[in-house]
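Results of the structural survey
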Amino acid sequence: MTALVRPRTGRMIGGVCAALARRFGTSATTMRVIFAVSCLLPGPQILLYLALWVFLPGEKTAKTAW
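Quick caveat, the model's predicted, so the values are computed rather than measured.

1. Remarks on the packing of aromatic side chains
The way to describe two aromatic rings as a pair is by their centre distance and the angle between their planes. Throughout the structure, instances matching the rule amount to 2 aromatic pairs. Seen from their ring centres, Phe-35 and Tyr-49 are 5.2 Å apart, and the 40° between their planes marks the pair as tilted. Of this pair, Phe-35 sits in helix 2 (residues 28-38) while Tyr-49 sits in helix 3 (residues 45-55), placing them 14 residues apart in sequence. You can call Tyr-49 buried: its relative accessible area is 13%.

Shown next, in the form of structure tokens:
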């Protein structure tokens, strides 16, 4: 498993589903479908998504040495 960070590539809105997919070894599309279906159930899914968007760090880019 990799670290839980929001990737710079493969994100649609905030990169939360892409980060979770990378962490658990699934495709981002699968994770997005799971999230969309879970939104049909009662609960704080949207708030959890927003909290993860705020608190998950973004992926660092490699700096080039000049």
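2. Description of the packing of helix 1 (residues 16-24) against helix 3
The geometry of helix 1 relative to helix 3 is characterised by a closest axis approach of 9 Å and an angle of 80° between their N-to-C directions. One finds that helix 1 runs roughly perpendicular with respect to helix 3. Between helix 1 and helix 3, the contacting residues are Val-16, Cys-17 and Leu-20 on the first element and Tyr-49, Leu-52 and Trp-53 on the second. Its residues assigned to classes, the contact of helix 1 with helix 3 comprises 6 nonpolar, no polar and no charged.

3. Describing the pattern of salt bridges
Under the definition given, this model contains 1 salt bridge. Linking Glu-59 and Arg-22 is a salt bridge whose minimum nitrogen-to-oxygen distance equals 2.9 Å. Linking Glu-59 in the segment after helix 3 with Arg-22 in helix 1, this pair joins segments that are 37 residues apart in sequence. On the basis of relative accessible area, Arg-22 is assigned to the partly exposed category, the value being 36%.

4. Quick look at the environment of Phe-35
Among the residues examined, Phe-35 registers a relative accessible area of 23% and is labelled partly exposed. Phe-35 sits 14 residues away from Tyr-49 along the chain, and the two C-alpha atoms are 9.1 Å apart. Look past the residues within four positions of Phe-35 in its chain and what remains in contact with it is Cys-17, Gln-45, Ile-46 and Tyr-49.

5. As for the environment of Arg-8
Counting through the fold element by element, Arg-8 comes out in the segment before helix 1. Owing to a relative accessible area of 52%, Arg-8 belongs among the exposed residues under this scheme. Considered as a pair, Arg-8 and Thr-61 are 53 residues apart in the sequence and their alpha carbons are 8.4 Å apart.

Definitions and cut-offs
- Residues numbered from 1 in each chain as written.
- Predicted model: local features only at pLDDT ≥ 70, side-chain atom pairs only at ≥ 80, totals over all residues.
- Heavy atoms only, no water.
- Phe/Tyr/Trp six-rings, centres within 6.5 Å; stacked < 30°, edge-to-face > 60°.
- Helix = DSSP H or I, 4+ residues; strand = E, 2+ residues; numbered from the N terminus.
- Buried < 20%, exposed > 50% of the residue type's maximum accessible area, 1.4 Å probe, protein only.
- Axes fitted to C-alpha atoms, helices over the stretch in contact; angles between N-to-C directions.
- Parallel < 35°, antiparallel > 145°, perpendicular 65-115°, else oblique.
- Contact = heavy atoms within 4.5 Å.
- Nonpolar A, V, L, I, M, F, W, Y, C, P; charged D, E, K, R; others polar.
- Salt bridge = Lys/Arg side-chain N within 4 Å of Asp/Glu carboxyl O.

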